[in-house]
Amino acid sequence: MNDKLVELEIKDLAFNGKAVANNEEGKVVFLNGGLPGEKVLAEIVRSKPRYDEAIVKEIISKSDLRIDPPCQHFDICGGCTWQDLAYHAQLEFKQKQVVDCIERIGGLKDVKVFTAVGSAELFKYRNKMEFSFNANEDKSFNLGLHVKRRFDKVFDIEKCFLQSDLANEIVIWLREFVQEHSISVYDILNHTGFMRFLVIREARSSGDIMVNIVTNYGEIPSRNELIKKMKEFFPEVKNLIHSQNGQKSNSAVGEIEKVLYGLGYIEEQILGCRLRIRSNTFFQTNSVQCETLYRAAFDMILPEKTDRVMDLYCGTGSIGLLIAKHAYKVVGVEVVEDAVVAARENAKVNNINNIEFYHGDVKDFLRSEYATDKSYNIIIIDPPRAGMTPKALRRLIRLNPEKILYISCNPSTFARDAAEIVKAGYLLPEVKPIDMFPHTMHIEVVGVFYRE
Ligand SMILES: C[S@@+](CC[C@H](N)C(=O)[O-])C[C@H]1O[C@@H](n2cnc3c(N)ncnc32)[C@H](O)[C@@H]1O
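As the structure is a prediction and not an experimental result, all values here were calculated from the model.

Details of the site of the ligand
Phase 1: Gln 284, Tyr 294, Glu 334, Val 362 and Asp 382 are the nearest of the 17 residues found near the ligand.
Phase 2: In the environment of the ligand, an oxygen atom lies 2.6 Å from a nitrogen or oxygen atom belonging to the side chain of Tyr 294.
Phase 3: Contact between the ligand and Val 335: a nitrogen atom at 3.2 Å from a main-chain N or O atom of the residue.
Phase 4: A total of 600 Å² of accessible area belongs to the ligand in isolation, and the protein chains cover 87% of it.
Phase 5: Of the residues that constitute the shell around the ligand, the class distribution is ten nonpolar, four polar and three charged.

Next up, the structure:
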């Protein structure tokens, strides 16, 4: 037997979606593949002083939690890590992850962590998907998702279970169009070629779709035919955007953006609020579960007519707009200009007049007179995965609001920031994990800190 092959019993799942076991000497082994309770034969691929990394080669005894993944791409796709794990078990592991983070990273022992709230839809729940083009050496190309752990390899998606059937049809159709018209495709390693990304966004309430084709610099060859056929075959595509990005970094955000047809936005309805989404603006990717998340946030702060509220990292203003109907005044803060434009439009289309939006970095806003002069009693924060910067967090705490509502898509940075907020004299009685992303290891957390 290969001396790197070992028999291991999987004990747990880690934050990064890997399985965890201990070898004979008790050393931790992180594995790609395998579920808790399973005996596996694994190949050790890397050995570090504190842990080993391994790949499962064979499952010797299966867990009762293992299910058949419906997706044909499951074995190679880097997307859904846990499609082979029963959903109730996914939720249990996600809740445990939140508990672990709060206790170990945050050092907070008395926080009640509710059972994770499951998503009403387990498939087709994403309203945004980003696909990459990649040219191969033999002149063929792929349009799809990245192969597991490979930034340089893309495979053709036939059907992604996380998006709608229509979105799957668009991927296949565009791949064929590019092939038929011999349009050059970007080579991720050599940084040459034209077609780079396809981003599809879909408003669940209206069924309207926005297609954003991201390319290297230049006009799309056969552009008029592309527009004509897209309109003919996919009337649901209300917006076709062409974004140009010539930077080497692998980002689907364009430096130059042209609306080829449509208004440049699609509209979603969340809890009765009309929300415009533009190509480069953040929007919660699971529209149905977004309502659950916002309702939970709302119920946790229960805004009153006297409340002055800050909505930091506000995106297109959604949370602030929902709160504004019940509060005295709201100010939203967002760094992406397009999102601020959309947020102001959203206030207008919903006839909400007691909300303003500030375009800029949260850390600068928090020391501006605008923030320090007026006494905001509720501050909502919904930062990106990295959490708040230490400077922004210090400035937030200095404002000393009665309540801080923290919405986080990363329990570890939530726990790190929570430790600082509690140290500054706030109580965090409970948090609610909400699953926005079934079959992935991601989990959203919402909690309110009360000034003691
Ligand atoms: C997780 S999203 C939340 C958006 C919004 N609350 C929602 O539910 O749709 C984080 C937002 O913070 C914005 N952002 C990131 N860093 C920022 C900063 N330093 N200052 C202001 N906004 C920032 C991003 O552009 C993004 O729109």
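Anyway, onward from the coordinates.
With respect to the packing of helix H1 (residues 87-105) against helix H10 (residues 411-423)
Two quantities define a packed helix pair, namely the angle between the axes and the distance from one axis to the other.
Phase 1: Where H1 meets H10, the closest approach of the two axes is 8 Å, and the angle between their N-to-C directions is 35°. Like other packed secondary-structure pairs, H1 and H10 cross with a definite hand, here right-handed. Residues Gln 97, Val 98, Cys 101, Ile 102 and Ile 105 of H1 pack against Pro 411, Ser 412, Phe 414, Ala 415 and Arg 416 of H10.
Phase 2: When grouped by side-chain class, the residues that make up the contact of H1 with H10 number seven nonpolar, two polar and one charged.

Thoughts on the pattern of salt bridges
Phase 1: Applying the stated criterion across every chain yields a total of 26 salt bridges.
Phase 2: Salt-bridge contacts for Asp 435 lead to Lys 94; the nearest nitrogen and oxygen are separated by 2.7 Å. With Asp 435 in the loop between strand E22 (430-434) and strand E23 (444-451) and Lys 94 in helix H1, this pair connects stretches of sequence that are 341 residues apart.
Phase 3: A relative accessible area of 0% means that Asp 435 is categorised as buried.
Phase 4: Look at Lys 94 and you get buried, because its relative accessible area is 0%.
Phase 5: The closest approach of N and O atoms between Asp 100 and Arg 104, which form a salt bridge, is 3.8 Å.

Focus on the sheet that holds strand E11 (residues 209-215)
Phase 1: Across the sheet, seven strands lie side by side as E9-E8-E7-E10-E11-E12-E13; this open sheet has mixed pairing. Because the sheet does not close on itself, it has two edges, and the strands there are strand E9 (154-156) and strand E13 (256-261). The sheet shows a mean angle of 30° between the axes of neighbouring strands, direction not considered.
Phase 2: As judged from the five bridges shared by strand E7 (residues 128-135) and strand E10 (residues 195-202), these two strands associate in the antiparallel manner. What sits directly across from Ser 132, in E10, is Phe 197.
Phase 3: Sitting on the sheet, helix H2 (residues 165-180) is in contact with E7, strand E8 (141-146), E9, E10, E11 and strand E12 (237-244), with an inclination near 155° to E10.
Phase 4: Where helix H3 (residues 223-233) meets the sheet, its contacts fall on E11, E12 and E13, and the angle it forms with E13 comes to roughly 55°.

Describing the packing of aromatic side chains
The way to describe two aromatic rings as a pair is by their centre distance and the angle between their planes.
Phase 1: Tallied over the full model, the rule gives eleven aromatic pairs.
Phase 2: Between Trp 173 and Phe 177, the ring centres sit 5.5 Å apart and the planes meet at 35°, which makes this aromatic pair tilted. Remark: Phe 177 and Trp 173 occur in helix H2; sequence separation between them is four residues, near one turn of the helix. Exposure class is identical for Trp 173 and Phe 177. Each is buried.
Phase 3: Among the aromatic residues, those joined into a cluster by ring pairs are Trp 173, Phe 177, Phe 233 and Phe 234.

What counts and how
- Residues numbered from 1 in each chain as written.
- Predicted model: local features only at pLDDT ≥ 70, side-chain atom pairs only at ≥ 80, totals over all residues.
- Heavy atoms only, no water.
- Near = heavy atom within 4 Å.
- Polar contact = N/O pair within 3.5 Å; in protein donor to acceptor, adjacent residues only side chain to side chain.
- Areas by Shrake-Rupley, 256 points an atom, 1.4 Å probe, with all protein chains shown as cover.
- Nonpolar A, V, L, I, M, F, W, Y, C, P; charged D, E, K, R; others polar.
- Axes fitted to C-alpha atoms, helices over the stretch in contact; angles between N-to-C directions.
- Helix = DSSP H or I, 4+ residues; strand = E, 2+ residues; numbered from the N terminus.
- Left-handed = near helix turned anticlockwise from the far one by under 90°.
- Contact = heavy atoms within 4.5 Å.
- Salt bridge = Lys/Arg side-chain N within 4 Å of Asp/Glu carboxyl O.
- Buried < 20%, exposed > 50% of the residue type's maximum accessible area, 1.4 Å probe, protein only.
- Pairing = 2+ DSSP bridges.
- Phe/Tyr/Trp six-rings, centres within 6.5 Å; stacked < 30°, edge-to-face > 60°.

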